[in-house]
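Chain by chain, the residues run as shown.
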Amino acid sequence: MAIYPQLIIDALKNVRYPGTGQDIVSAGMVEDDIRIDGMKVSFSLITERQNDPFIKSLVKMAEQAVLTYADPNIQIKGNISVKSKQAPRPALPDLLPGVKNIVAVASGKGGVGKSTVCTNLAIALAQKGYKVGLLDADIFGPSVPKMLGVEDTPIYTEKVEGRDLIIPVENYGVKMLSIGFFVKKEDAVVWRGAMASNALKQLISDADWGELDYFLIDFPPGTSDIHLTLVQTLPITGAVIVSTPQEVALADARKGISMFTGDKVNVPILGLVENMAWFTPAELPENKYYIFGKDGCKKLAKQSGYALLGQIPIVQTIREGGDDGQPVALNLDSITGMAFAQLADNVVAAVDKRNWELPKTGIVEITTK
């Protein structure tokens, strides 16, 4: 039986793209480059974007269609190549060429106010005139959109230099993306680790972050494969560890420090932030009540040889501001507004010191034998 191009095309009309249900010939996904050499057939499939989640199964379906509808003796396995209409992503570790400093904001445990600190730090930096980006990498508890008052903002993409890029949402001078924009806010995010990691990679590398002085990443609590994905994807300048003063939180903060400073990860610690350092009632601004203990994080910083970047008091307006999308850092005359402004100055100084004294961080390379 003679093999000719139309025979192959007719066979491929039986393959439907899982994303739309349209056959791949009508969808324009079969490149006009069919080559026939005896029984050997080769051609290309064209996808709209890099890393199409259906492409591996699509290649297998195309191979099977050629064998089923054209000729079972055709040599097709391994001869289908894939092209993308989109320009390729920048290579690791240069995914964000316009970003000067990447700062991880992390904690050993949940409930210490890490996202609150990260959001207000981002705003405080923006108020000082820096270009700031914020990635909410807390996949299973994305709270930053609510804190910034943008949780109902629609997300769209634009064509930038041949790539369809997600446009970060901007408010209070901070560019921000979160997985919270892509799931219903009342639904739990029930994803395997690989799905969560891939989603984060897209928010980093398939978004138009542009020029930034500081790119803050709100890490999930604890230590997990999400943390590993981030240090494998981005050269993180340094980490800010958030803790409360009590001993249980400090024990977990030590684990967070250990994760970043381990031989394989090797991300410098910029310093520690003691959140909920004391309670100050609005009507008694001079009073301090040490609900969770006094200076626990300050002592840990001294013991570990790291800077204490800030002590943030508990004030009712912090909770109200987070819930209302009006973060307290916007009010520079308040106790907490001043505390976050000082924290921003200290983080800038810590980053400058780190960049002066240490070489640029590399991405973590995991090798398997």
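Throughout what follows, the structure given in this document is the object of discussion.

Basis of the calculations
Residues numbered from 1 in each chain as written. Predicted model: local features only at pLDDT ≥ 70, side-chain atom pairs only at ≥ 80, totals over all residues. Heavy atoms only, no water. Salt bridge = Lys/Arg side-chain N within 4 Å of Asp/Glu carboxyl O. Helix = DSSP H or I, 4+ residues; strand = E, 2+ residues; numbered from the N terminus. Buried < 20%, exposed > 50% of the residue type's maximum accessible area, 1.4 Å probe, protein only. Patch = residues over 30% accessible without salt bridge, like charges linked within 9 Å, V, L, I, M, F, W, Y side chains within 5 Å. Areas by Shrake-Rupley, 256 points an atom, 1.4 Å probe, with all protein chains shown as cover. Lys, Arg positive; Asp, Glu negative; His and termini not counted. Charge placed at Lys NZ, Arg CZ, Asp CG, Glu CD. Contact = heavy atoms within 4.5 Å. Polar contact = N/O pair within 3.5 Å; in protein donor to acceptor, adjacent residues only side chain to side chain.

Let's talk about the pattern of salt bridges
Alright, step 1. Considering all chains together, one arrives at nine salt bridges under this definition.
Alright, step 2. With a shortest N-O distance of 3.2 Å, aspartate 213 and lysine 100 are connected by a salt bridge. Of this pair, aspartate 213 sits in strand S10 (residues 212-218) while lysine 100 is found in strand S4 (residues 99-106), placing the two residues 113 residues apart along the sequence.
Alright, step 3. Taking relative accessible area as the criterion, lysine 100 reaches 57% and is therefore assigned exposed.
Alright, step 4. Its salt-bridge partner being lysine 128, residue aspartate 345 comes within 3.1 Å of it at the nearest N-O pair. With aspartate 345 in helix H10 (residues 335-357) and lysine 128 in the loop between helix H3 (114-127) and strand S5 (132-136), the pair connects residues that are 217 residues apart, well separated along the chain.

A closer look at a positive patch on the surface
Alright, step 1. A cluster of basic residues, Lys288, Lys294, Lys298, Lys299 and Lys302, forms a positive patch at the surface.
Alright, step 2. The residue lysine 302 is located in helix H8 (residues 296-304) in this model.
Alright, step 3. Classification of lysine 302 as exposed rests on a relative accessible area of 75%.

Quick word on the environment of asparagine 355
Alright, step 1. With respect to the helices, strands and loops of the structure, asparagine 355 is situated in helix H10.
Alright, step 2. The spatial distance from the C-alpha of asparagine 355 to the C-alpha of threonine 237 is 8.0 Å, given a sequence separation of 118 residues.
Alright, step 3. Leaving out residues up to four positions away in the same chain, asparagine 355 has contacts with Asn101 and Thr237.

Re the environment of glutamine 326
Alright, step 1. Within the secondary structure, glutamine 326 sits in the loop between helix H9 (316-324) and H10.
Alright, step 2. Judged by relative accessible area, which is 48%, glutamine 326 ranks as partly exposed.
Alright, step 3. C-alpha of glutamine 326 to C-alpha of methionine 147: the two residues are 179 residues apart in sequence and 6.9 Å apart in space.
Alright, step 4. There is a polar contact of 3.4 Å between the side chain of glutamine 326 and the side chain of tyrosine 172.

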